[in-house]
Amino acid sequence: VTLGWAVVLRKLRQFQELGHTAVLIVGDFTAQVGDPSGKSETRKRLTAEEVKGYVDSLLEQFDRVLDVSLAEVRYNSEWLAALDMADVLELTAQVTVAQMLEREDFANRFDAGKPISVMEFMYPLLQGYDSVAVQADVELGGTDQLWNLMMGRVLQGRYGQDSQVAMTLPLLVGTDGTQKMSQSLGNYVGVTDEPGDMFGKTMSIPDSLLEQWFRLATMLDDGEIDTIVSGHPNEAKRRLGREVVDLYHGSGSGAEAEESFNALFQRKEVPEDVPSHVLGTDDPVFLPAALAAAGLVQSNGEGRRLIAQGAVRVAGEQTTDLEVTRASLVGQVVQVGKHRFVRFE
């Protein structure tokens, strides 16, 4: 779960605090279809096994923001898997192909001659049917979900229910300063990131994002935000980092993360608590795989990319080698980016 996801989740938490029942729908069925929102090509579908593997982890992370124990957690396979062919045909009869092609991403792909599967047309129908199944009064989502949320309103009316209110929230721009925060793009801060990582990533955002991040990623009021962002950008960014870390790790943790950041980047020190990882027996060592095994990158591909970009250092020296000798790694600290370290044993 990223800080981008947390924008919607924290708004849902406010509904909880005001006495409303938060219904958290786990899209275990629709994930197997693949949300086409904002996509220029057919999105990869997940298997049932892959979906199941994500659910427990997601709920644990949601609990960092929501009070999951007070929420009504529903799995949309409960009602979607139970639909028979007559039900599906009845559902598809509620919307025309012309209406579907009013949706920007579908329209762009159609105009460009790119394929759109009938299954992708089903996604907004199935998500809309979620609102029918739980008889939603309000549905929350990012601005990129507006079309899907409005489909819920349409279907509720067709099925004789009062139409829900669709509430959208802005999309948090990622640390790259250009695209929305996304794990797949690597421009994210996760709510379970360690305090030092969370602070360091926040310090890396461009100054132009300060106001948006303060408004969407902290609990400060508008007046205080206006005062902070009118000051020096570096001081504002440090305040932002402390606020974000405190929000997810507790009061005072932001100041500790800032001190660690100062030690690491201002005084050029290596952290005292660098984790260790035992190398395999291969010699030479394929460095991207070693980085992935140590948890410094998510995949061999990411490791290759960061090495090519000069973002990997061994014993303080930049390397662009994909293969290195085992002896050159044993006992050395390897750094990826600005704030990821491991000592190979």
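No experiment lies behind these values; they were computed from the predicted model shown.

**Quick word on the overall build of the protein chain**
Part 1 of the reasoning: Along the backbone of the protein chain there are 16 helices and eleven strands.
Part 2 of the reasoning: Structurally, the protein chain occupies a C-alpha span of about 70 × 50 × 40 Å along its principal axes.
Part 3 of the reasoning: Residue burial in the protein chain is summarised as follows: out of 345 residues, 41% are buried.
Part 4 of the reasoning: Within the protein chain, contacts between residues separated by at least 24 positions form 65% of all contacts whose residues are at least 6 apart in sequence.
Part 5 of the reasoning: Charge-centre separation for the protein chain: the mean point of 31 positive side chains lies 4 Å from the mean point of 51 negative side chains.

**Considerations on the nonpolar core**
Part 1 of the reasoning: If you look at the biggest cluster of nonpolar residues, it comprises 46 residues, and the most contacted ones within it are Leu-3, Trp-213, Phe-214 and Tyr-248.
Part 2 of the reasoning: At six residues, helix H1 (residues 3-17) tops the list of elements feeding residues into this core.
Part 3 of the reasoning: For Leu-3, the contacting residues outside a window of four places in its chain are Leu-172, Met-181, Val-189, Val-191, Trp-213, Ala-217, Val-244 and Tyr-248.

**Quick word on H1**
Part 1 of the reasoning: Between its terminal C-alpha atoms H1 stretches 20 Å, which fits the 21 Å expected from 15 residues at 1.5 Å a residue.
Part 2 of the reasoning: Its side-chain oxygen placed 3.1 Å from the backbone nitrogen of Gly-4, Thr-2 serves as the N-cap of H1.
Part 3 of the reasoning: Following H1 by one or two positions, Gly-19 has its phi on the positive side, about 95 degrees.

**Re the confidence of the model for the protein chain**
Part 1 of the reasoning: Averaged over every residue, the pLDDT of the protein chain is 89; the share at 70 or more is 93%.
Part 2 of the reasoning: Confidence drops under pLDDT 50 across residues 38-42; counting only partners more than four residues distant or on other chains, this segment forms ten contacts.

**Some details on the pairing of strand S11 (residues 340-344)**
Moving residue by residue along a regular strand, the side chains alternate between the two faces of the sheet.
Part 1 of the reasoning: Pairing of strand S5 (residues 276-277) with S11 involves two bridges; the strand directions are parallel. Within S11, the position partnered with His-277 by the bridge is Phe-344.
Part 2 of the reasoning: Relative to S11, strand S10 (residues 333-336) runs antiparallel, the two being bridged by four bridges. When the sheet's bridge partners are listed, Gln-335 is paired in S11 with Phe-341.
Part 3 of the reasoning: Hairpin geometry of S10 and S11 is characterised by an intervening segment of three residues between the two adjacent antiparallel strands and by a positive phi of about 65 degrees at Gly-337.

**What to know about the pattern of salt bridges**
Part 1 of the reasoning: A full pass over the atoms with the stated rule returns 16 salt bridges.
Part 2 of the reasoning: We note a salt bridge from Lys-237 to Asp-207, for which the minimum N-O separation is 2.9 Å. One end of the pair, Lys-237, is in helix H12 (residues 233-249); the other, Asp-207, is in the loop between helix H9 (195-203) and helix H10 (210-217), and 30 residues separate them in sequence.
Part 3 of the reasoning: Looking at Asp-207, the relative accessible area reads 44%, which means it is partly exposed.

Calculation notes
Residues numbered from 1 in each chain as written. Predicted model: local features only at pLDDT ≥ 70, side-chain atom pairs only at ≥ 80, totals over all residues. Heavy atoms only, no water. Helix = DSSP H or I, 4+ residues; strand = E, 2+ residues; numbered from the N terminus. Buried < 20%, exposed > 50% of the residue type's maximum accessible area, 1.4 Å probe, protein only. Contact = heavy atoms within 4.5 Å. Lys, Arg positive; Asp, Glu negative; His and termini not counted. Charge placed at Lys NZ, Arg CZ, Asp CG, Glu CD. Core = buried A, V, L, I, M, F, W, Y, C linked by side-chain atoms within 4.5 Å. Expected span 1.5 Å × (residues − 1). Polar contact = N/O pair within 3.5 Å; in protein donor to acceptor, adjacent residues only side chain to side chain. pLDDT = per-residue confidence, 0-100. Pairing = 2+ DSSP bridges. Salt bridge = Lys/Arg side-chain N within 4 Å of Asp/Glu carboxyl O.

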